[in-house]
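Structural description and commentary
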Amino acid sequence: MEPFVKITGIVAPLDRANVDTDQIIPKQFLKRVERTGFGEFLFYDWRYQSDGKTPNPDFVLNFPQYTSASILVAAKNFGSGSSREHAPWALMDYGFRVILAPSFADIFYNNCFKNGLLPIKLPEETIRTIMDNAANQRGYELTIDLENKRIMDKNGFVIEFDMDPFRRYCLLNGLDDIGLTLQYSDDIAAYESKRPSWMCGISI
Amino acid sequence: MKQKTMFEKIWDAHVVRSEEGKPAILYIDMHLVHEVTSAQAFDGLRMTGRKVHRPNLTVATMDHNVPTTDRSAPIKDRISKKQMDVLAANCKEFGIPLFDLHHTLQGVVHIIGPELGLSQPGMTIVCGDSHTATHGAMGALAFGIGTSEVEHVLATQCLQQLKPKTMRIDVQGSLPTGVTAKDMILSIIGKIGTDGATGYAVEYTGEAIRNLSMEGRMTVCNMSIEAGARAGMIAPDETTFAYLKGKLYAPKGSDWDEAVNKWKMLGTDPSAEFDTTVEIDVSKLEPYVTWGTNPGQVAPISGRVPDPETFANETDRKAAKAALEYMGLIPGTPINEVKVDRVFIGSCTNGRIEDLRAASKIVKGRMVAPNVNAIVVPGSGEVKRQAEAEGLDKIFIAAGLEWREAGCSMCLGMNPDILQPGERCASTSNRNFEGRQGKGGRTHLVSPEMAAAAAITGHLTDVRQF
């Protein structure tokens, strides 16, 4: 995983609550067996008209000022629904590196960290301010500084955000968490030696 | 000794290592795998040269995109077929047991886990699927994970987890006739909202929960994720033990006795504390129906489509407005006047034998309304055989419903079973998101009895009138 330290990018406002993973990446695109190539199908049902090809001019990500956005701001409960990791893969592949929202669904939130996509929870009022700035100021940019847990714009807006220290540490260093767990293989073996025999697995 | 909740007991018993300021390393007893969220995990193992640590603690099946029509015919969708072939190849390469498309025990992953006795009380159970909380009905800590975590479990049989908070949902009263576990959980989601339990492991308690069958408990736990919960669980009791005894992979002989003795200790201690408690009384509950595009947008069958303007905050008003527009519904319309084009009975929520029995009672001797297409998709090969042994298939077919092979089918529409744009469906599944059952499709979540009633009348109907 690539480390995440600091980025500056254009903010796209998606003013919807409960954006579910079926919207982020509809199921017909889950049949790929790779992790890449999902970006073109991101928000497919909203992004394209019924022919599945012509961009829907009313959808915010199709507005010319947001085509190079790398920060998405949305309303509460972003990423609800399915556990599909294809959702963060699609957001990353499209070009997003940061999602700002008042709240996230647990599995989606967790999946983001495994892929170097940074989900940040902010108070509703702060989200509303950022949403309004992104909607009203063409080319509105934010700088996201994970090292210092700070978000700022060029006009003097600065806020700090909270993040679990271990998750932050892993993102900053681009750590492979499977590798971290494998360092404890002695502890795992010790645990396994105490498991009851009836839980020792099946064969068909 | 410290009083503990069931969640805390199971959690503590699975901590392999914990360090201040870091997530716990949690041992996973049972890992379930299906074709859609595993391919990239196996690829990850190959890229890093890692092995599967405990291949026989992972069990694979094919369910999400399998066809539910004649299994002897070749699979037409080449990409779906590739995904199934890749799973079969991965299971072979890494030595993982697989119930493939042609295995007699194939079925929806959350149906076969309990049915085969793979899911047992006190276990940690994970699967790359958000409805994994279903297995929590056995008294297990079961939760959905993403593909990176699937890879993590394969490589280490462990996960790094931050401890969720605990919530108790206490359900009192006895369910009135015609009102089911599905109505209970829909009403709970309606009450606390689709993010009401985000960050929590939920334990369902109370008289109404105790009186549910194991299958009803599974329906309740299954939809915990629709309230945002990390997990949903119910303490094991005699109902649980009676269900499990004799199941294919349940402990046998003296192991069984030892296991039951351990399982009896799992329940939440009398003065253990939860971070939050929600209380609900179901003695006057009605059958529930969703009217919107998330499972929290619900109304009783005697209700009306709500007016978005009546919602207290701006976010909910906006969401309701967008939902009604998508659903093609007018505020004030009586719910029982909403016509349906399709009916789906099945899924990990309501595809078990009791669900099919309940639905068959409603349609027996009646005919599906003209212009309604209704399908019944058993949750597993076992459910299908049992239903056929009881003659339920004949009742459904005689009433004009289609009788299919086991799979996830129209719950998520990854196989050919999908809604056309604008079609409206009474569905026993778990999600009514936009496009969930097919682009432009409109889903109303209901119980199996309510779905059966809608199939007969052609509109959402109060099953208590049958």
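We now turn to the structure provided with this report. Keep in mind that this is a model prediction, so the values were computed, not measured.

To continue, consider the overall build of chain A. Along the backbone of chain A there are 8 helices and 7 strands. Projected onto the principal axes, the alpha-carbon positions of chain A cover approximately 65 × 45 × 25 Å. The 204 residues of chain A split such that 61% are buried. A fraction of 65% describes how many contacts in chain A between residues 6 or more apart in sequence connect residues 24 or more apart. Summing over all exposed atoms, chain A offers an accessible surface of approximately 8,300 Å²; the carbon and sulfur share of this is 47%. Each charge sign in chain A was given a centre, from 22 positive and 27 negative side chains, and these centres are 2 Å apart.

So, on to the interface of chain B and chain A. Residue-level contacts link 85 residues of chain B with 63 residues of chain A. Carbon and sulfur atoms supply 54% of the area buried between chain B and chain A, which totals about 6,000 Å² over both sides. Summed over the shared surface of chain B and chain A, the result is 12 salt bridges. A salt bridge links Arg 35 of chain A to Glu 151 of chain B; the shortest N-O distance between them is 3.1 Å. Along the contact surface separating chain B from chain A lie 39 residue pairs in polar contact (both at pLDDT 80 or more). Considering each element in turn, the side of chain B that touches chain A owes the most residues, 7 residues, to helix 5 (residues 147-156) of chain B. A per-class count over the side of chain B that touches chain A returns 31 nonpolar, 31 polar and 23 charged.

Moving on, we come to the sheet that holds strand 17 (residues 402-403) of chain B. Residue and element names in this part refer to chain B. With parallel pairing, 5 strands are arranged side by side in an open sheet as 17-16-15-18-19. Whereas interior strands pair on both sides, the edge strands pair on one side only; in this sheet they are strand 17 and strand 19 (442-445). As paired elements, strand 16 (residues 373-376) and strand 17 share 2 bridges and run parallel to each other. Each bridged residue has a counterpart across the sheet, and for Val 376 the counterpart in strand 17 is Trp 403. Its contacts with the sheet put helix 16 (residues 448-457) on strand 15 (342-345), strand 16 and strand 18 (424-427), and the angle it makes with strand 15 is roughly 150°.

With that settled, the discussion passes to the sheet that holds strand 1 (residues 6-14) of chain A. Residues and elements named next belong to chain A. Here we have 7 strands laid out as an open sheet, ordered 4-3-2-1-5-6-7, and mixed in their pairing. Both outer strands of the open sheet, strand 4 (118-121) and strand 7 (158-160), are each paired with one neighbouring strand and no more. Across the sheet, the axes of successive neighbouring strands diverge by a mean angle of 25°, strand direction being ignored. Note: strand 5 (residues 141-145) against strand 6 (residues 150-152), 3 bridges, orientation antiparallel. Within strand 6, the residue paired with Asp 145 across the bridge is Arg 150. In the packing of helix 5 (residues 124-136) onto the sheet, contacts are made with strand 1, strand 2 (71-74), strand 3 (98-101), strand 5 and strand 7, and the angle to strand 1 comes to roughly 85°.

How each quantity is defined
- Along each chain, the written sequence defines residue order, and numbers are assigned to residues from 1.
- As they are written, the chains are lettered A onward and the ligands numbered 1 onward, keeping that order.
- Totals for whole chains, interfaces and linings use every residue, but because this is a predicted model, local features are given only for residues with pLDDT of at least 70 and side-chain atom pairs only at 80 or more, for both listing and counting.
- Note: side-chain values were computed over all heavy atoms of the structure, leaving out hydrogens and water.
- A run of H or I in DSSP becomes a helix once it reaches four residues, and a run of E becomes a strand once it reaches two; helices and strands are each numbered from the N terminus.
- Each residue gets one of three labels from its accessible area relative to the maximum for its type: buried under 20%, exposed over 50%, partly exposed in between, using a 1.4 Å probe on protein chains only.
- The contact criterion used throughout is that any non-hydrogen atoms of two residues lie within 4.5 Å.
- Per-residue and other accessible areas follow the Shrake-Rupley method at a 1.4 Å probe size, with only the shown protein chains counted as cover for residues.
- The charged-residue count follows a simple rule in which Lys and Arg add positive charge and Asp and Glu add negative charge, with His and chain termini not counted at all.
- The location of each charge is read from NZ of Lys, CZ of Arg, CG of Asp or CD of Glu.
- Throughout, the accessible surface (probe 1.4 Å) given up by two parts as they are put together, summed over both, is called the buried area.
- In the sections that follow, a salt bridge refers to a side-chain nitrogen of Lys or Arg positioned within 4 Å of a carboxyl oxygen of Asp or Glu.
- We define a polar contact as two N or O atoms separated by no more than 3.5 Å, with the added condition that, inside protein, one atom must be a possible hydrogen donor and the other a possible acceptor, whereas residues neighbouring each other in sequence contribute only through side-chain atom pairs.
- Charged residues are taken to be Asp, Glu, Lys and Arg, nonpolar residues to be Ala, Val, Leu, Ile, Met, Phe, Trp, Tyr, Cys and Pro, and polar residues to be all remaining types, Gly included.
- Strands were regarded as paired on the criterion that DSSP finds at least two bridges between them.
- Axis definition: a line fitted to C-alpha atoms, over the contacting stretch in the case of helices. Angles run 0 to 180 degrees between N-to-C directions.

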